[in-house]
Amino acid sequence: MLVTSEEGHYYYKSLTDDATVCGIYLMSPPNRIIEVYFDYLNAPCGTGGLVSFVDGWELNGGYLPGIMEHRLPLKDRITEFCGLTAPSRVFISTQNAAMIQYRIPKRGRGFSFKVNFLKNLNPCNILVEDIEQVYTLRNYGKPSNCSLTALYPIHMTLLSISVGITPTGDNFKIETGTMRKCQESGLKDYVEISGGLDLLLPKVAEGETFCGVDSYPGPITESVLCGVSTIRLVSTGQYDNMVSVSIRQAREDELLTASIVCPI
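Residues numbered from 1 in each chain as written. Predicted model: local features only at pLDDT ≥ 70, side-chain atom pairs only at ≥ 80, totals over all residues. Heavy atoms only, no water.

Peer 1: Is there a simple way to think about the sheet that holds strand E3 (residues 22-27) in this case?
Peer 2: In any sheet, the strands associate via hydrogen bonds between backbone groups, in a parallel or an antiparallel arrangement. Across the sheet, 5 strands lie side by side as E1-E3-E10-E5-E8; this open sheet has mixed pairing. Both outer strands of the open sheet, strand E1 (2-4) and strand E8 (78-81), are each paired with one neighbouring strand and no more. On average, each strand axis in the sheet is tilted by 15° relative to the strand beside it, whichever way the strands run. Inspection of the sheet shows E3 paired to strand E10 (residues 97-103) by 6 bridges, in the antiparallel sense. Paired with Cys22 across the bridge in E10 is Tyr102. (Pairing = 2+ DSSP bridges. Helix = DSSP H or I, 4+ residues; strand = E, 2+ residues; numbered from the N terminus. Axes fitted to C-alpha atoms, helices over the stretch in contact; angles between N-to-C directions.)

Peer 1: Help me understand the UniProt feature "domain: Corticotropin-releasing factor binding protein C-terminal" (unreviewed entry) in the protein, please; the structure alone is not making it clear to me.
Peer 2: As recorded in UniProt, the feature "domain: Corticotropin-releasing factor binding protein C-terminal" (unreviewed entry) lies at residues 135-255. Measuring from the first to the last C-alpha atom of residues 135-255 gives 22 Å, for a span that is 3% helix and 52% strand. (UniProt positions renumbered as here; feature names shortened; annotations may be inferred.)

Peer 1: Looking at this structure, how should I read the pattern of salt bridges?
Peer 2: A side chain with one charge can pair with a side chain of the opposite charge if their charged atoms come near. As enumerated under the stated definition, the model contains 10 salt bridges in all. The closest approach of N and O atoms between Glu206 and Lys203, which form a salt bridge, is 3.6 Å. (Salt bridge = Lys/Arg side-chain N within 4 Å of Asp/Glu carboxyl O.)

Peer 1: Is there a simple way to explain the state of the cysteines in this structure?
Peer 2: A disulfide bridge is the covalent bond that connects two cysteines by way of their sulfur atoms. All told, the structure shown has 4 disulfides when counted by the stated rule. The disulfide partner of Cys182 is Cys211, and the S-S distance across this bridge is 2.1 Å. Here the S-S torsion is close to -105°, and the disulfide linking Cys182 with Cys211 is therefore left-handed. Here Cys182 is found in the loop between strand E16 (177-180) and strand E17 (190-196), whereas its partner Cys211 is found in strand E18 (residues 205-214), with 29 residues between them in sequence. Across the pair, exposure class does not vary: Cys182 and Cys211 are buried alike. Between the sulfur atoms of Cys226 and its disulfide partner Cys262 the distance amounts to 2.0 Å. (Disulfide = S-S within 2.5 Å. Buried < 20%, exposed > 50% of the residue type's maximum accessible area, 1.4 Å probe, protein only.)

Here it is, written out as structure tokens:
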């Protein structure tokens, strides 16, 4: 398994006859999507060779973004091919995560591909890096569910929120402050913080939901003690929603008081 966040030209050549399935995990900056072009392929179908492009990440049967979160069905997110002719298609991810899975069971066989990062004007699902950074999720007035996902425990600070209050196309905002337990109040647009064990079980514990308009929230923080941490913006399309948060890897003392804890 290889994880890389670098553009460039990559080449793989099998050194053994091992039929193990391996993966190359690609990650771009949050405001970029990933373009992959295969310029060489030597993976004969008759020998069990296989290469696939995945729009997102797959690990142990789970997917990022999740099957229910992605705008495309799973069958349209995975393209498999084999043979001696590289596909002419250029593959482009719909978020800042993509991967290449491969099985090359013959020594000396392999493939090569080029990776470029393209600008994404409307980022939705974002895989978060392991450094402290500020992220903003927006629905641009559309019915959509967008999320920030980190593959480690996080400490989140709410920086600003405008969710479930300002109708789409209306520039006038009424400061309501940050409201909690939005779903219990019957509101269908909200921000949800949750945690999971892995990509197969990304949501086994969740905290309160947030909504309202608050340009300068007080010290609102949440820590998530889980293998997968997610901040999800749920939007019906009736409101122009936006939330900005600061995310970093949680410290040990913060994990001791985490509000969201996954079972071991």
